Amino acid sequence: MQVMLPSIETESPIRIQTARHMSDDEFYAFCAANPDLRIERTAKGEIVIMPGTGFKTGNQNADLTAQLYSWAKRDGRGRVVDSGVEYFLPSGAARSPDASWVPRSRLAKVTPEQKKRFLRLCPDFVVELRSPSDGLKNLQAKMREWMDNGAKLGWLIDPEARTVYIYRPDQTTERLIDPQRVEGEPPVEGFVLEMADIWNPDL
């Protein structure tokens, strides 16, 4: 099924409640048929089509992903992917973080054919970067969803407020105000995210 949307710009997600829940294979095919759209699925089966990000947010996201990727290459324990990758979660949701890390030990259990599609697992570490079109409460709910589905550490970065929220399973969310760097902990101990270019992108 291909979706035809009005030729207007939207600053908020479009939500579609289908007559019946799509299976994972149907949802993957739906996303493949609409490659220009950013699509997620909630645990209740609702399809969410999200607006694209602006240039500034895209640059900030590229910076954080590049830092995480460079560290992971040196560290060697896991793999990093960008916001184009989606995961089928145990809850039934299909979600895509802005950056994520999965240990090699877990990926070794996934077949090469399965790696060509959305993985049926929750990454150990996720990062969400708030864009101007993202509601903070919605992103906070998404971060709790990551934790509830098995993520071991999550960072929610709000560039406009210069704030980083740290999520850990079964713990109170920690809030960092205007940090110059954010230091990783298990499962990504040793990773340090320098915030200068995220807070003040040279654009």
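Please read all numbers here as calculations on a predicted model, not as lab measurements. Every chain is numbered on its own, with residues counted from 1 as its sequence reads. A pLDDT threshold of at least 70 governs which residues receive local features in this predicted model, and a stricter bar of 80 or more applies before side-chain atom pairs are shown or counted, although totals over entire chains, interfaces and linings include all residues. Here the side-chain values reflect all heavy atoms present in the structure, with hydrogen atoms and water set aside.

**A short note on the environment of Arg-15**
What counts as a helix is a DSSP run of H or I of at least four residues, what counts as a strand is a run of E of at least two, and both are numbered from the N terminus. Relative to the helices and strands, Arg-15 is located in strand 1 (residues 14-16). Put simply, Arg-15 and Thr-42 are 27 residues apart on the chain and 9.9 Å apart in space, counted from C-alpha to C-alpha.

**Some remarks on unusual backbone geometry**
Following Pro-186, the chain continues to Pro-187 via a peptide bond in cis, the omega torsion being 15 degrees. Structurally, Pro-187 is set in the loop between strand 12 (181-183) and strand 13 (192-194). One non-glycine residue, Asp-178, lies in the positive phi region at around 50 degrees. Mapping Asp-178 onto the fold places it in the loop between strand 11 (174-177) and strand 12.

**Thoughts on the pairing of strand 9 (residues 153-158)**
Type-normalised accessible area, obtained with a 1.4 Å probe on protein chains alone, sets the label of each residue: buried when under 20%, exposed when over 50%, and partly exposed for intermediate values. Within strand 9, six of the six residues are buried, leaving the element largely enclosed by the surrounding structure. Of the two faces of strand 9, the one lined by Leu-153, Trp-155 and Ile-157 and the one lined by Gly-154, Leu-156 and Asp-158 are each fully buried. Two strands form a pair only when DSSP identifies at least two bridges running between them. For strand 8 (residues 125-129) and strand 9, the ladder comprises five bridges, and the chain directions are parallel. Counterpart to Val-126 in the pairing with strand 9 is Gly-154. Taken together, strand 8, helix 4 (residues 136-148) and strand 9 form a β-α-β motif whose crossover is right-handed. The crossover handedness rule: strands pointing away from the viewer, path from first strand over the helix to second strand clockwise, crossover right-handed.

**Re the confidence of the model for the protein chain**
Each residue carries a pLDDT score, the predictor's confidence in it, ranging from 0 to 100. Counting all residues, the mean pLDDT for the protein chain is 91, and 93% of those residues have values of 70 or more. In the predicted structure, residues 2-10 sits below a pLDDT of 50 and forms ten contacts with residues beyond four places in sequence or in another chain. The contact criterion used is simple: two residues touch if any of their non-hydrogen atoms lie within 4.5 Å.

**A closer look at the state of the cysteines**
Any two cysteine sulfur atoms lying within 2.5 Å of each other are counted as a disulfide. Considering all chains together, one arrives at zero disulfides under this definition. Cysteine Cys-31 remains unbridged, with the sulfur of Cys-122 as its closest cysteine sulfur at 18 Å.

**A look at the pattern of salt bridges**
Between side chains of opposite charge, pairing is possible as soon as their charged atoms come close. Only one rule defines a salt bridge in this text: a Lys or Arg side-chain nitrogen within 4 Å of an Asp or Glu carboxyl oxygen. What the rule picks out here adds up to 19 salt bridges. Note that Arg-77 is salt-bridged to Glu-189, the shortest N-O span being 3.7 Å. Of this pair, Arg-77 sits in the loop between helix 2 (55-75) and strand 4 (78-82) while Glu-189 sits in the loop between strand 12 and strand 13; the two residues are 112 residues apart in sequence, bridging distant segments of the chain. Owing to a relative accessible area of 36%, Glu-189 belongs among the partly exposed residues under this scheme. Asp-124 is paired through a salt bridge with Arg-106; the nearest N and O atoms lie 2.5 Å apart.

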